[in-house]
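Per-entry structural report
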Amino acid sequence: MTPTPNGRVALVTGASRGIGRAIALGLARDGFDVVVNDIERQREPLEAVVAEIAALGRRGIAAFADVADRAQVQAMVAGAIAETGRIDAVVNNAGILITGTVEELPEQSWDAVMDVNAKGTFLVVQALLPHMRERGYGRIVNIASIGGKHGAPEQAHYSASKAAIMGFTRVLAQEVGPLGITANCVCPGIIVTDMGRTNLEEKAVADRWIANTAMRRLGQPEDVVGPACFLASDAAAFVTGQSLNVCGGIVLS
Ligand code: NAP
């Protein structure tokens, strides 16, 4: 069924696959035209997502940029606004996971994870805020992780980057609330994607995650779509500064 257009435009980063792709398609089904971002090396899969959005009857636009690069982010946001006239909602989803113990972690791995996950979120939000302020409207959805609340061995830097996103979002919500803009986090649990498989290499580890999940299963990218689309919608107009666990009941708070 062709979705009913809602006249709105969303930007989703890291949208060539996994959770970002699923959210971009979910937003299209909710009637958004969607600007989908990924890094240049993901050109082919990102263009395939644009085609999937078009098949749903909505407009998809590919916007290549490294979210950790300020100049590329500024150009992407300016280009998206010039092309569509508006960005109503942004889902900051682009992220990387590199594993390593604190004792052995190379400084470059710390920097890379912080640059993409934490700084990338900040750069995209900062580039969009003048536009959202001018329009007196915006929905900012930052994909954090239960890793930022609980975490797992060999992921201290990843956990720190996701906790940084949550702290950033709590303060952002206070700054932009008076402008008609909301800012929230979604905190996925173990979701079966290329990144999620890093946590699932051994069957025993996957079984342990399942046993520790109230719903007794691993998550799929589609499990994250409803909560993210809700926070990007007007139904969530009075929800801001929150970090919503979408983990099947691993973290219960
Ligand atoms: P994924 O399958 O690895 O997809 C992430 C996408 O982001 C990839 O296409 C990746 O491209 C892209 N990306 C990486 N660096 C980028 C950059 N600098 N600029 C633009 N795009 C970039 O990951 P996922 O599992 O869908 O995760 C999506 C988000 O959910 C991430 O923020 C992740 O931390 C979070 N999350 C995932 C899980 C999980 O279990 N899967 C759990 C909690 C939170 P390359 O592959 O070329 O780098």
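You'll find the structure just up there.
Residues numbered from 1 in each chain as written. Predicted model: local features only at pLDDT ≥ 70, side-chain atom pairs only at ≥ 80, totals over all residues. Heavy atoms only, no water.

Right, let's get into the site of the ligand. Taken together, 31 residues lie near the ligand, and Arg41, Gln42, Asn93, Tyr158 and Thr193 sit nearest. At 3.1 Å, a backbone N or O of valine 67 approaches a nitrogen atom of the ligand. In the environment of the ligand, an oxygen atom lies 2.9 Å from a nitrogen or oxygen atom belonging to the side chain of lysine 162. Its free accessible area being 880 Å², the ligand has 95% of it covered by the protein chains. (Near = heavy atom within 4 Å. Polar contact = N/O pair within 3.5 Å; in protein donor to acceptor, adjacent residues only side chain to side chain. Areas by Shrake-Rupley, 256 points an atom, 1.4 Å probe, with all protein chains shown as cover.)

Judged by nonpolar contacts, the single largest core of 32 residues is most densely connected at Ile23, Leu27, Val34, Val36, Ile53 and Val186. Elements represented by at least two residues in this core include exactly strand E1 (9-12), helix H1 (18-29), strand E2 (33-38), helix H2 (43-55), strand E4 (89-92), strand E5 (138-143) and helix H7 (221-231). Take this core: its biggest share by element is seven residues, from H1. Among residues more than four places away in sequence, those in contact with isoleucine 53 are Ala24, Leu25, Ala28, Val34, Val36, Arg58, Arg59 and Gly60. (Core = buried A, V, L, I, M, F, W, Y, C linked by side-chain atoms within 4.5 Å. Buried < 20%, exposed > 50% of the residue type's maximum accessible area, 1.4 Å probe, protein only. Helix = DSSP H or I, 4+ residues; strand = E, 2+ residues; numbered from the N terminus. Contact = heavy atoms within 4.5 Å.)

Here the focus is the sheet that holds E2. One open sheet holds the seven strands; their spatial order is E3-E2-E1-E4-E5-E6-E7, and the pairing between them is parallel. Where the open sheet ends on each side, the last strands, each with one partner, are strand E3 (60-64) and strand E7 (243-246). Across the sheet, the mean angle from the axis of one strand to that of its neighbour is 20 degrees, orientation sign disregarded. Note that E1 and E4 share three bridges and pair parallel. In the sheet register, alanine 10 faces E4, and the bridge partner there is alanine 89. Lying over the sheet, H2 contacts E2 and E3, oriented at roughly 160 degrees with respect to E3. (Pairing = 2+ DSSP bridges. Axes fitted to C-alpha atoms, helices over the stretch in contact; angles between N-to-C directions.)

Moving on: the pairing of E1. Side-chain positions along a regular strand alternate between the two faces of the sheet. The alternating pattern of E1 places Val9 and Leu11 and Ala10 and Val12 on opposite faces, both of which are buried. In the sheet, E1 pairs with E2 via four bridges, with the strands oriented parallel. Note that in E2 the partner of valine 9 across the bridge is aspartate 33. The parallel pair E1 and E2 is bridged by H1, and the resulting crossover is right-handed. (Right-handed = clockwise from strand over helix to strand, strands pointing away.)

All told, the structure shown has 13 salt bridges when counted by the stated rule. Two residues, arginine 8 and aspartate 234, come together in a salt bridge whose shortest N-O distance is 2.9 Å. Placement of arginine 8 in the segment before E1 and of aspartate 234 in the loop between H7 and E7 is noted, with a sequence separation of 226 residues between them. Classification of aspartate 234 as partly exposed rests on a relative accessible area of 39%. Note that arginine 43 and glutamate 40 form a salt bridge whose closest N and O atoms lie 2.8 Å from each other. Judged by its relative accessible area of 44%, glutamate 40 falls in the partly exposed class. Here the salt bridges share partners, and the residues they tie into one network are Arg8, Arg139 and Asp234. (Salt bridge = Lys/Arg side-chain N within 4 Å of Asp/Glu carboxyl O.)

Our next topic: the pairing of E4. A two-sided burial pattern is seen for E4, the buried positions comprising Ala89 and Val91 on one face and Val90 and Asn92 on the other. The pairing of E4 with E5 spans four bridges and is classified as parallel. Across the sheet, residue valine 91 finds its bridge partner in E5, namely valine 141. With respect to chirality, the unit in which E4 leads through helix H4 (residues 107-135) into the neighbouring parallel E5 is right-handed.

Keep in mind these numbers describe shape, not what the thing actually does.
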